Amino acid sequence: MVGKWIYLVFIIFSGQCVAKLHIVTEHFPPAQYLNDKDQLTGHVADKVRKALEASSLDYSITVKSWTTAFNTALRDPQTCIFSVSRSPEREDQLLWIAELAQLHTYFYALNSKQINLQNLEQAKQYRIAVLKDNYSHQYLLSQGFEEGKNLLPIDSFDNIFKIVSSRKNSIDLVTLPKQRAEFEQRKHPVDDNLIPVLKLNVKQPSLYFACNKGIDNISKSELMRVFTSL
């Protein structure tokens, strides 16, 4: 409570007006997702909401597709995003506020396809659905995979699962975080399950709450304060 009063007094005496903070996220269960009542929930969403409610910032949270959310955070100064992987390629693109969770990503294949992989090179012979602009997408491009040849970028995990269920002959593999794959198969169990066939053998960056680098200094300081106190 004292922290809030200090923050408000600082604004009054500095004469600065803090613009509303726009938070964007994607449907990414079990970290953050819309439940049956269209409410944002999940263990990461709860952590973010707890931090924001402890702040004195005016904010809104909007759920978008991953590509739209990421590009919005890159473009709009008073915008933050979660959960975003802190990859080397993104290090200079955003202001990194707080670590939220860790991920482990695998190649998955339908059990009926009987695909076995021993290494990354073997995966290049298959058609792979990958989340567009996601860390795994960037990583595979850096390892010699090519869009249109063995990579099919998809704009959301939901659409990846739709392809798996309705157009499974058009792809062979998908890259998915283990937590996401397990959540989906608990929610929508099917006879022909996705099974992990190879873990991406690379240190995977943690998921973060991050902001556009043009965010005002007061919002930046307040976000750092509340996320540090969690």
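Before reading further, recall that the structure is shown in the block above.
Structure report, in brief. In this text the structure is predicted, and so the values were computed from the model without any measurement. (Residues numbered from 1 in each chain as written. Predicted model: local features only at pLDDT ≥ 70, side-chain atom pairs only at ≥ 80, totals over all residues. Heavy atoms only, no water.)

1. Focus: the side chain of Ser83
Turning to its location among the elements, Ser83 is positioned in strand β5 (residues 79-85). A polar contact is formed between the side chain of Ser83 and the side chain of Gln32, at a distance of 2.9 Å. Look past the residues within four positions of Ser83 in its chain and what remains in contact with it is Thr25, Gln32, Val44, Trp66, Leu100, Leu207 and Tyr208. (Helix = DSSP H or I, 4+ residues; strand = E, 2+ residues; numbered from the N terminus. Polar contact = N/O pair within 3.5 Å; in protein donor to acceptor, adjacent residues only side chain to side chain. Contact = heavy atoms within 4.5 Å.)

2. Here we look at the sheet that holds strand β12 (residues 207-212)
In space, the five strands of this open sheet follow the order β4-β1-β5-β12-β6, with mixed pairing throughout. This sheet does not close on itself; its edge strands, each paired only once, are β4 (59-64) and β6 (94-101). Direction aside, neighbouring strands of the sheet carry axes that sit 25° apart on average. One ladder, built from six bridges, connects β6 with β12; its direction is antiparallel. Note on β12: the bridge partner recorded for Ala98 is Phe209. Together, β1 (21-26), β4, β5, β6 and β12 form the strand contacts of helix α3 (residues 66-75), whose direction differs from that of β5 by roughly 130°. (Pairing = 2+ DSSP bridges. Axes fitted to C-alpha atoms, helices over the stretch in contact; angles between N-to-C directions.)

3. Notes on the pattern of salt bridges
As enumerated under the stated definition, the model contains nine salt bridges in all. For Lys124, the salt bridge goes to Glu121, with nearest N and O atoms at 3.3 Å. Relative accessible area serves as the criterion here: at 23%, Lys124 is assigned to the partly exposed category. One salt bridge in this structure joins Glu184 and Arg180, with 2.8 Å as the shortest N-O distance. With Glu184 and Arg180 both in helix α7 (residues 178-187), this residue pair falls four residues apart, about one helical turn. Here the two residues Glu184 and Arg180 agree in accessibility, since each one is buried. What you see here is one network of salt bridges that share partners, running through Asp158, Arg180 and Glu184. (Salt bridge = Lys/Arg side-chain N within 4 Å of Asp/Glu carboxyl O. Buried < 20%, exposed > 50% of the residue type's maximum accessible area, 1.4 Å probe, protein only.)

4. Details of empty space enclosed by the protein
Tallied over the full model, the rule gives two cavities of 30 Å³ or more. A volume near 160 Å³ is recorded for the largest cavity. Around the largest cavity sit 19 residues that line it, and Ser85, Leu103, Asn134, Tyr135 and Leu207 are the ones nearest its centre. Contributions of two or more residues to the lining of the largest cavity are made by β5, α5 (135-142) and β10 (173-177). (1 Å grid on protein atoms, 1.4 Å probe; cavity = no way out; pocket = protein on both sides within 12 Å on 5 of 7 lines; lining within 4 Å. Points joined across faces, edges and corners; volume = space filled by probe spheres on them.)

5. So, the sheet that holds strand β8 (residues 128-131)
If you trace the five strands from one edge of the open sheet to the other, you get β9-β8-β10-β7-β11, paired in mixed fashion. This sheet does not close on itself; its edge strands, each paired only once, are β9 (151-154) and β11 (194-199). Neighbour to neighbour, the strand axes of the sheet diverge by 35° on average, direction disregarded. Note that strand β7 (residues 105-110) and β10 share four bridges and pair antiparallel. Residue pairing in the sheet places Phe107 in a bridge with Thr175 of β10. Across the sheet, helix α6 (residues 157-166) touches β7, β8, β9, β10 and β11, and the angle it forms with β10 is around 140°.

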